[in-house]
Amino acid sequence: MDVNPVLLEIFKNRFSAIAEEMGVVLNRTAFSPNIKERRDYSCAIFDARGNMIAQAAHIPVHLGSMPMSVRAAMEISFSEGDMIALNDPFRGGTHLPDITLVAPVFLDGEKPAFYVANRAHHADVGGMSAGSMPLSSSIFQEGLIIPPLKIISRGRIDAGLMKFFLSNVRTPVEREGDFSAQAMANLTGIRRFRDLVQRYGFEITRQYAEALLDYSERMMRQAIESIPDGTYRFADVMEDDGFGAEDICIQATVQIEKDRAVVDFAGSAAQVAGCINAVSSITLSAVLYVFRCLMPEAAPTNAGCFRPVEIRSKPGTVVDALFPAAVAGGNVETSQRIVDVVLGALARVLPGHIPAASQGTMNNIAIGGVDPRSNRPFAYYETIGGGMGAGAFFHGESAVHSHMTNTRNTPVEALEYSYPFRVTQYSVRKGSGGSGLFCGGDGIIREIRLDCDAEVTVLSERRKRGPYGLYGAAAGKPGKNTIIRRGRIDARPSKFHERLQADDVIRIETPGGGGYGREPSDV
Amino acid sequence: MVLVGVDTGGTFTDFIFQEDGGWRICKCLTTPSNPALAVLEGLGRISAADKPHVVHGSTVATNALLEHKGARTALITNQGFEDVIEIGRQNRHALYDLHYHRMPPLIPAQRRFGLRCRMDCTGRILEDLDLDAAEKRVREIEQAGIESVAVSFLFSFKNPGHERMMGQMLGRLGIPVSLSHEILSEFREYERTSTTVINAYVAPKIQGYLRTVLDFMKDAPLRIMQSNGGSISVRTAMREPVRTIFSGPAGGVVGAYEIGRAAGFNRLITFDMGGTSTDVALIDDRLPLTLESSIARHPVRVPMIDIHTVGAGGGSIARLDSGGALRVGPQSAGSDPGPICYGKGGQLTVTDANLFLGRLIPDHFLGGDMRLHPDKISAPFGQMAAQTRLSEIQVAEGIVQVVNAAMERAIRVVSVEKGFDPAEFTLFAFGGAGGLHAVFLARLLNIPRVLVPVNPGILSAIGMLLADVVKDYSLTVMTSGSCDPQRIEEMFAPLETEAVKDLFAEGIHRNRISLKRYLDMRYEGQSYEILVPARGDDPVAAFHELHRRAYGYCSVQKNTEIVNIRLRAVGVSEKPELKKGELSNEPLCEACFLGNRPVVFEGRFISTPIISRQGLCPGNRIQGPAILVEYSATTILPPGAAAQADAFGNLLIETWTG
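Residues numbered from 1 in each chain as written. Chains lettered and ligands numbered in written order. Predicted model: local features only at pLDDT ≥ 70, side-chain atom pairs only at ≥ 80, totals over all residues.

A. Spotlight on the domain arrangement of chain A. All names here are of chain A. As assigned here, chain A comprises domain 1 (5-125 + 141-217) and domain 2 (355-523). The straight-line distance from the C-alpha centre of domain 1 to that of domain 2 is 31 Å. Taken together, the residues that form the side of domain 1 that touches domain 2 break down as five nonpolar, two polar and six charged. (Domains from an automatic or database assignment. Nonpolar A, V, L, I, M, F, W, Y, C, P; charged D, E, K, R; others polar.)

Structure (structure tokens):
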């Protein structure tokens, strides 16, 4: 096929507009602050074989894993008007709170011509602790596992299934609202796909979807080609799993050969008891994120980007966990370390481009209980930004989410309306960035006082050793978790779960970014 | 009395006024270092006539923000929340940028001061304001040479007590003080604080600027255009300058609204295509408002005309990227070096493509005042044709198609994505390049009709003349949507009393005041609000209907809540009347024909008549293909389209005939 550069550009914009509009709908119709305020969701569209054509720029950790969800869903036979829900990390999911809804786009044929899908982080999906981000030792403690299931059949919600699901979560009204928002987003995507095909015809639309994958592939190959050939290795650790395992190694060997890259995780630790195991889709997302950062910002993110990059990992390791490993934190914590390691390997050959380590954690905090104001149960979940790493020509940015996530904070005033808490401090953690010729960005301090008894789960990393600096600069300051009860300050480890009382204060200080280059006085 | 509209633009400051029943235009070169100079020069030229009554849209506030050149400002917050404006929403705007940097906050850390005091979400005082510490801060601010202060405490919209105390203490410094509950009485501390900080940051500049203009005008009346589509007294503009940001584009939409209404069209999609960017807005029988604007990435949550801007215009640069796609924009050649055909530029732009296709006519470009260089573009088109393996004509048409696709997407955002079918609207095209693309764009969106007004290049200034006096009020109430009507009356009562008092002070007579009530509603537990007009009937039912329109469903069994109440107080102002002529059946007069030239439509050259717009009489009909030229704009009628001049001189174009 002869690709017309004009049509290529027009289709590029039309496809990404579909994914973006799905995101607008999901955002506006969702019920939970988690989606509207924090924007913890992603939307994407796929071809008939499940190749991702376009993804709206939402959350990088969903990058590689969304296509795996769609392929898992494709194993079920679809009819028009069906939608499939799933969250099973071992069948296309990442961790249980991320629920993906996949819908086929039927045109004239008997088989779907395209697919649309979106994934949203639900604030609770049951399991042993409120917020469903527990310090677990098996997937069964983390909440309800949803294998690919037809939740909507020919346009009708399966009331039985829905009732079953809602009976197993702590905040069913909110869940149901978010579910319908996800369905609306997919319906919008389907409608826009039909508009597009009506204008250009199916064959042209299909051909240009394919041409766009080739286009992104070319851009990715050019990006890889700009890296000198060679083999580059780097290792770092996850500090602990909350169950006694410490310094859990993650090692990446990046091999660059012309316009191809192989990333091998040989040398990484075996999977652990605690919940920081990453399933392979997360490792895929993290590696692709790093390579995607080497492409121009405006390039479309699609399946073509994945073609020149091969990932090798051994099943049963912490970067390729097997059922029934606990995985709640793999998505949010281990994914960040995988990025740190792959970037670390490339830093040596791309010193001008690759910065020092960013905070390397998402500082997950979940609080659940019964709101004394309404006597209704609540489940609050949030992640907190930190420092970004400095680079060859710049200081790291402060108080911002980095790498695999980009969720927003919940405004203090929105939070106090919705939950029985009071925020007592929310500020930049001055001086926490690693010093150097260029300094790492500072972390954040967030302090919450409870108005009632509640259970709290914190899942964080980089609490013992800070994010690494590069070329002689200092690491960022490690984060700190503390509980303040009646004036007494008590340190807590990186991962803890406990019942707290009214008036207790939880204080989270997030890590600063690593510095870059030796300070002039040291030289 | 002569009403004069004055719009400060990037290149020209436009003046428009009525004389002998017709519009008179005057243009002065904008003086960026002190924009008052151009305003004074123009007014000097005009005031030979009567005592002018001026409505002015200024870019002083906008530019101070874009160039980061506002006042030395301090911020007072609760202790522990001094960094809220720095952290923002903790997200980054570019996902895959390892070198990411956010916009630095307008007030650096050393000028942000925290004080012990706290309200809860019901307005109950949890901790009193520490007066000694507050007094100390005031003295520090006094000594630090601060020019303006913003104060933003948590939940001040529920209980403004502490902010008021602070305001009183700061009052003695004699510098502008912006209190968050007065600027924006709504929840979400980052957005409220940002809006208040912007107000404080631009206040001293605006005040100085307006004083200069006022001094010159002696005691002649002056009103200032706001971004909400209404004008306001100078006194209010000095106190709340945040409301004057983006007033130029707002003037354009108001102009479109009023001209469209007079011509019989109250459902419009406005399309203002300029050199570097394009603004679009959707008018469904009322001015569209948004509460989610931002400037230079700093949120501004006062109501503004809902305008969607894309970085594509006549100056957008075309290039073949490394993956093989023909990209147009967002880089722009601007006015310097400008498109290649302006003589200095080196990269092909949309304007060059229009010239190549024969759609821009060198002799008539800005009345021939600006020379175009058609000879300079053939080599670059040849090169790009070789690169893309397309013909030169395909390249030129391709550039226009790609930029049209970007415009189409912008219009879909304001229409289709909000539940409106563009086919039910009229495309109202203005700006320098609007008429060149309008009919092609209308065809892409199945829009049946295009309207190009008289003087499309200075519509913003016209809009300012036609704008009413408008003041917006809001308050976060967070209450059940099914509350009884009596409660709603009680909530609005204090806002309405204040509004009537304020409009009185603006010099508006009581019988020219209208108060419009709105509710920000959502389903209980949802976190996005929909603006619901509250016209006394059932707001809950209206909310369900609006939700269904925007998102395709509603849940009547779910509880609703009212998050904010809003009041829009309108003082209907004296306006110039739009001059209406008699429609005639006379054929186009000979003098209108300026000759024929070959123009490309769908891949081939077609001999096309050039017609002078000035010579058209109401009722004249023109069949496409044709090119209509006037001083500041060109309108293309492709084959299959037809135009008629209406009684007001507007060009009404049928997108498809037959």
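After that view, the rundown keeps rolling.
B. View of the domain arrangement of chain B. Residues and elements named next belong to chain B. You can read the domains of chain B as domain 1 (2-65 + 207-247), domain 2 (70-202) and domain 3 (469-571). With centres defined by C-alpha atoms, the gap from domain 1 to domain 3 works out at 32 Å. Between domain 1 and domain 3, the residue contacts involve seven residues of the former and six residues of the latter. A per-class count over the side of domain 1 that touches domain 3 returns one nonpolar, six polar and no charged. (Contact = placed C-beta atoms within 7 Å.)

C. View of the interface of chain A and chain B. If you look at the interface, chain A gives 60 residues, while chain B gives 52 residues. Of all the secondary structure elements, the ones that give two or more residues to the side of chain A that touches chain B are helix H1 (5-29), helix H2 (33-36), helix H5 (172-200), helix H6 (202-225), helix H7 (280-293), helix H10 (412-418) and strand E14 (421-429) of chain A. Looking at the side of chain A that touches chain B, the element that brings in the most residues is H1 of chain A, giving 13 residues. (Helix = DSSP H or I, 4+ residues; strand = E, 2+ residues; numbered from the N terminus.)

D. Quick peek at the nonpolar core. Counting residues in each nonpolar core, the largest one holds 363 residues, and the members touching the most others are Leu26, Ile45, Leu212, Val287 and Val342 of chain A together with Ile399 and Leu427 of chain B. Those residues in contact with leucine 212 of chain A that sit more than four places away from it in its chain are Leu8, Phe11, Lys12, Phe15, Ile53, Pro300, Asn302 and Gly304 of chain A. (Core = buried A, V, L, I, M, F, W, Y, C linked by C-beta atoms within 7 Å. Buried ≥ 20, exposed ≤ 12 C-beta atoms within 10 Å, placed from the backbone.)

E. The arrangement of the environment of leucine 75 of chain B in detail. Residue and element names in this part refer to chain B. Tracing the chain through its elements places leucine 75 in strand E5 (residues 73-78). As a C-alpha pair, leucine 75 and glycine 252 span 177 residues in sequence and 34 Å in three-dimensional space. With sequence-adjacent residues up to four places away left out, leucine 75 is seen in contact with Ile85, Ile107, Arg111, Arg112, Ala150, Ser152 and Val197.

F. A look at the sheet that holds strand E31 (residues 626-629) of chain B. Residues and elements named next belong to chain B. One open sheet accounts for four strands, arranged E28-E29-E31-E32; its pairing is mixed. At either end of the open sheet lies a strand with only one pairing partner, and these are strand E28 (593-601) and strand E32 (634-637). Adjacent strand axes in the sheet meet at a mean angle of 30° when their direction is disregarded. (Pairing = 2+ DSSP bridges. Axes fitted to C-alpha atoms, helices over the stretch in contact; angles between N-to-C directions.)

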